[in-house]
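Fold and contact review
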Amino acid sequence: MKRLFKVYLFVFFTFSLYAQSPVISYPTSTVLMVNQTIDPISPTNNGGSILSQPIVSTLAGSGLPGTQDSNGAGATFNLPTVVTLDHQNNIIVVDRSNHKIRKVTPQGIVTTLAGTVVAGAQDGPGASATFRYPDGAVVDSQGNIYITDQSNHKIRKIDTNGIVSTFAGTGAAGFQDGAASEAKFFYPAGMAIDADDNLYIADYSNHKIRVITPAGVVSTYAGTIAGNVDGNLATARFNGPTGVCLDSQGNLYVADYGNHKIRKVDTSGMITTFAGNGTAGATDGTATAATFYYPAIVAANSNNELFVTDQNNHKIRKISPTGVVTTYAGTGVAGANDEKATSSTFNSPTGIVVGPNDKMYIADYANHKIRKIQTYGYVITPNLPAGLNFNKNTGVITGQPLEPSPATDYTVIAENQDGSSTFTFSIEVQATLAINEVAANVLKVYPNPAKDTVTLSGMTEASEIILLNTLGQEVKKITATAFEQTIDLARNESGMYICKITSASGSREIKILKQ
C-alpha cells in the first residue's frame, strides 16, 4: 500500500509540475546603447514549461457521436467534415451527419447556428432550416457563411442574422453554368473565397472547379471530365476534387482526392501537379516524389505553406512553397492521442483551417472531434527598436540597436497549452556615450557601457569620485590619487549612472551605463 501511494504521489507531482501555465518575468528596466551588441535579455519562467514545437489538443467533442451543445468535451459531433473561421475567430463546423452548422468559440463553447438534425432543404431561420449532408464552408467579407449542401447539390447562405437561403443550385444533380437559380452542381465539396468574395467550389462528381460571383453568376474555372491531366483551364482533368484554397499570390490549390495529388492552378490559368505522384501512399519528399492517400482539404498559412488533411493516412501533411512534403502531425495510426504533433494520432481527418499565429483547427472526422494544433511560445508588443530581435520560441531578446528610442513599455505574453502569462518591462535606447564627455584627450572612461568594472584614466590630480543613480542618490564614493582609477560595478544594478569627479580644478560629470 505504501508503494502504491508513492506511485500515485509521483504521478500527481509530475502532472502538477507540467500541467500549469507559465509564470514569466524580465528585468523591469533596461537601458541600451546605439550600435552596442547587447547581452541577451532572457525571461525567467517559474511556471509550466513552454515547448517550442506543435502540440495537438482537443478543443471540443467527447469522441462519441451526438448533437449536444456544451463546452469542450461535453459537446458532441457526428462526423464533422470541414472547419472555417469567422471574423471573431470562432470556428464554424460543418457537422455533416447531424445535418447542422455548429460554432465553436476559441474557448471551446459549442452552439448550433443552423440545422435541425433532420435532413432536408428548408430555407428560413437557422433553428428551422434544414441541410442534407453539408460538406464545405467559407465566410465572406461581410460575415455571411456559405455552405456546400452536398446531397442537396446546392450552395446555401447563412446571413449575419442567422437566416438560411439558397444561394445557387436548383437542387437537381447535374452540370450547368449560368444564373444561380439555374445552375447545377453534383455533390459540391470544399470551398475557398477570394478578396472580392468570389467562391471557388470543388464540384466533386463533376470533376471541376466552379466559381460563383457575389452576384450569383456560376461558371467553370477549371476541369473537364474525370482524369489526371495537367494543362490549361480547358484541358486539365481532376478526379473527384474535394478541397481548394488560395495563397497570397492568387494561386489556387486543389486537393485532387481521387488522384491522391495536390494540384496547382496558377494565375495564368495553367494547372500543374504540385505534390503527389498519383499513387496512394505516405512518402515524404519533394513534389512528385511524395505520396498521399485521399487528401481531403488543403489550407494555406501566412507564409504560403500548405497543410493537407491526408485522410486515409490519418495525418496532417505540410508542403513548403517549393513543394517539399513532410508529415506535420500524426503517426499514421488511427487514434485520438493529444500529444506533441509527431506523437499525436487522428482518425480520418478531413477539414483544416489556419488561423491567426498559424494556429490550426482540424475536423477529426471519425473521432467526432475538433482538434487544435498550436506551436506555443512568446509574443511581444509593440515591435522592438530597430536592430533588436525577439525569439518567439524562447522569448530572448538579442541584437544591436540601430537608433535611439525613448523608454517604452513592452509586453510579452508567454503561452503553453495550460494557459498564459504576461509581463511588462521597459527598454530605452540611448545615443552612444563618448569615451570622454568632458575634455577630449584628457579624461577617458572605458569600457562604456560597462558590465563589472569601469576605468577612469587621465586624472592629473587628486580627485573625489561620486557615483550617483538616476534619482541623484549616492551609491559609491572613492578618493582617487592615481592617474587611473577602476570602479567596481559588479554589485550595482543595471542602468544609467552619473559619475561626478571633483578636484581642485573643478568638477565634471560623465554618464556611465552599467549593463
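Described in the following lines is the structure provided in the data block. (Residues numbered from 1 in each chain as written. Predicted model: local features only at pLDDT ≥ 70, side-chain atom pairs only at ≥ 80, totals over all residues. Heavy atoms only, no water.)

Quick word on the nonpolar core
Counting 29 residues, the largest nonpolar core has Ile158, Ile316, Ala329, Ile352 and Ile373 as the members making the most contacts within it. Looking at this core, the elements with two or more residues in it are strand E6 (91-95), strand E10 (134-139), strand E11 (145-149), strand E25 (295-300), strand E28 (324-329), strand E29 (349-354) and strand E30 (360-364). The element that contributes the greatest number of residues to this core is E25, accounting for three residues. Setting aside chain neighbours within four positions, we find isoleucine 316 in contact with Val308, Thr309, Thr327, Tyr328, Ala329, Phe346, Pro349, Ile352, Ile362 and Ile373. Judged by nonpolar contacts, the second largest core, of 21 residues, contains Ile380, Ile397, Val412 and Ala414. (Core = buried A, V, L, I, M, F, W, Y, C linked by side-chain atoms within 4.5 Å. Buried < 20%, exposed > 50% of the residue type's maximum accessible area, 1.4 Å probe, protein only. Helix = DSSP H or I, 4+ residues; strand = E, 2+ residues; numbered from the N terminus. Contact = heavy atoms within 4.5 Å.)

Some remarks on the packing of aromatic side chains
Overall, the coordinates contain ten aromatic pairs when judged by the stated rule. A ring pair is formed by phenylalanine 186 and tyrosine 187, whose centres lie 5.4 Å apart and whose planes are at 25°; its orientation type is stacked. The exposure class assigned to phenylalanine 186 is partly exposed, which follows from its relative accessible area of 29%. With a relative accessible area of 33%, tyrosine 187 lands in the partly exposed category. In this structure an aromatic cluster arises from ring pairing among Tyr26, Phe423 and Phe425. Here the guanidinium or amino end of arginine 317 rests over the ring plane of phenylalanine 292, the centre of that ring lying 4.9 Å away. (Phe/Tyr/Trp six-rings, centres within 6.5 Å; stacked < 30°, edge-to-face > 60°. Lys NZ or Arg CZ within 6 Å of the ring centre and 35° of its normal.)

Some details on unusual backbone geometry
Trans peptide bonds make up the majority, and among non-glycine residues the majority have a negative phi. The omega torsion across threonine 381 and proline 382 is -10°, close enough to zero to call that bond cis. Its place among the elements puts proline 382 in the loop between strand E32 (377-381) and strand E33 (388-390). Between tyrosine 446 and the following residue, proline 447, the backbone shows a cis peptide bond with an omega angle of -15°. Relative to the helices and strands, proline 447 resides in the loop between strand E37 (444-446) and strand E38 (453-457). Here the phi dihedral of leucine 79 falls at roughly 55°; this positive angle occurs in a residue that is not glycine. Mapped onto the elements of the fold, leucine 79 is located in the loop between strand E4 (54-60) and strand E5 (80-85). Within the chain, histidine 153 stands out as a residue other than glycine whose phi angle is a positive 55°. Positionally, histidine 153 belongs in the loop between E11 and strand E12 (154-158). Using a relative accessible area of 8% as the deciding quantity, one classes histidine 153 as buried.

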